[in-house]
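# Architecture at a glance
Single-letter residue listing:
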Amino acid sequence: QDAAVSAEEQAILAEEARLEAEEAASAAPMNDPTAPNPAPAHPELRPVLDQFGGEAGLTKLMDTFMAGLIADPRTGPFFANSDQVRVKRQLVEQFCVILGGDCTYTGRDMKSSHRDMQIGRGDFNALVEVLQVAMNEHDVPFAAQNKLLAKLAPMHREIVNK
Ligand code: HEM
């Protein structure tokens, strides 16, 4: 009888281990080891982060940005089925780290994030345009906008894949 119980226990433990592994696999971001760092920190841009209103300012900006992305027929279809709350949070983290803030980027690299999307150069430019409109709406100074855009622009190499 002892042996039977222990077999049952073993089965439960094995099932628990399987579930844990499954959870770990789905939670682990699928990163491409060859992709560049999606959120390189630029400590010298810390004053620019202040011009964005810090992390709180970025959070407000991202609401406007995402609303704009959804509303724009050029970018809307890409984001329609995405977890917008999550993407907004990843963007806040990413921009905050890039602008030298005391934040951590927990998202995936840019290559992995956009791999299955067929994004063209025009789509990339459309997203930048929507971001510029959002930044204007939030009164981010033009020079500060361009400091951020200068860091985002080279990411087209990982994002544009069509
Ligand atoms: C410099 C330009 C861009 C930056 C910095 C950027 C950044 C990001 C980040 C940080 C994420 C979340 C990553 C993660 O899932 O862990 C993401 C996801 C996403 N991006 Fe971009 N992105 C850019 C351009 C674009 C463009 C041009 C499109 C399409 C027009 C696009 C469409 C999406 C979509 C649909 C998702 C959500 C994917 C999902 O639901 O898993 N992105 N992007």
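So, here is what we can say about the structure in this document.

Rules used throughout
- Residues numbered from 1 in each chain as written.
- Predicted model: local features only at pLDDT ≥ 70, side-chain atom pairs only at ≥ 80, totals over all residues.
- Heavy atoms only, no water.
- Helix = DSSP H or I, 4+ residues; strand = E, 2+ residues; numbered from the N terminus.
- Buried < 20%, exposed > 50% of the residue type's maximum accessible area, 1.4 Å probe, protein only.
- Contact = heavy atoms within 4.5 Å.
- Polar contact = N/O pair within 3.5 Å; in protein donor to acceptor, adjacent residues only side chain to side chain.
- Donors = N, O, S within 2.8 Å, 3.2 Å for Na, K, Ca; no water.
- Salt bridge = Lys/Arg side-chain N within 4 Å of Asp/Glu carboxyl O.
- Disulfide = S-S within 2.5 Å.

By secondary structure assignment, the location of Gln 90 is in helix α5 (residues 84-98). Judged by relative accessible area, Gln 90 falls into the buried class, the value being 11%. For the pair formed by Gln 90 and Met 62, sequence separation is 28 residues and the distance between their alpha carbons is 10.0 Å. Once you skip the residues sitting within four places of it in the chain, Gln 90 turns out to touch Tyr 105, Thr 106 and Gly 107. Within polar-contact distance, the side chain of Gln 90 engages the side chain of Thr 106 at 3.3 Å.

Among all protein atoms, only His 114 (NE2) binds the iron atom of the ligand, sitting 2.0 Å from it. The residue His 114 is located in helix α6 (residues 110-114) in this model.

This part is about the pattern of salt bridges. This structure, assessed with the given rule, holds seven salt bridges. In this structure, Asp 32 and Lys 111 form a salt bridge, with 3.4 Å as the shortest nitrogen-oxygen distance. Of this pair, Asp 32 sits in the loop between α1 (2-27) and α2 (46-51) while Lys 111 sits in helix α6, and the two are 79 residues apart along the sequence. Classification of Asp 32 as buried rests on a relative accessible area of 15%.

Our next topic: the state of the cysteines. Considering all chains together, one arrives at one disulfide under this definition. The partner cysteine of Cys 96 in its disulfide is Cys 103, sulfur to sulfur 1.8 Å. With the S-S bond torsion at 55 degrees, the cross-link from Cys 96 to Cys 103 turns out right-handed. For the pair Cys 96 and Cys 103, one class covers both residues: buried.

What follows is about the side chain of His 114. Given a relative accessible area of 18%, His 114 falls into the buried group. A polar atom in the side chain of His 114 sits 2.8 Å from the backbone oxygen of Met 110. With residues near it in sequence (within four places) discarded, His 114 still touches Ile 119, Ile 159 and Asn 161.

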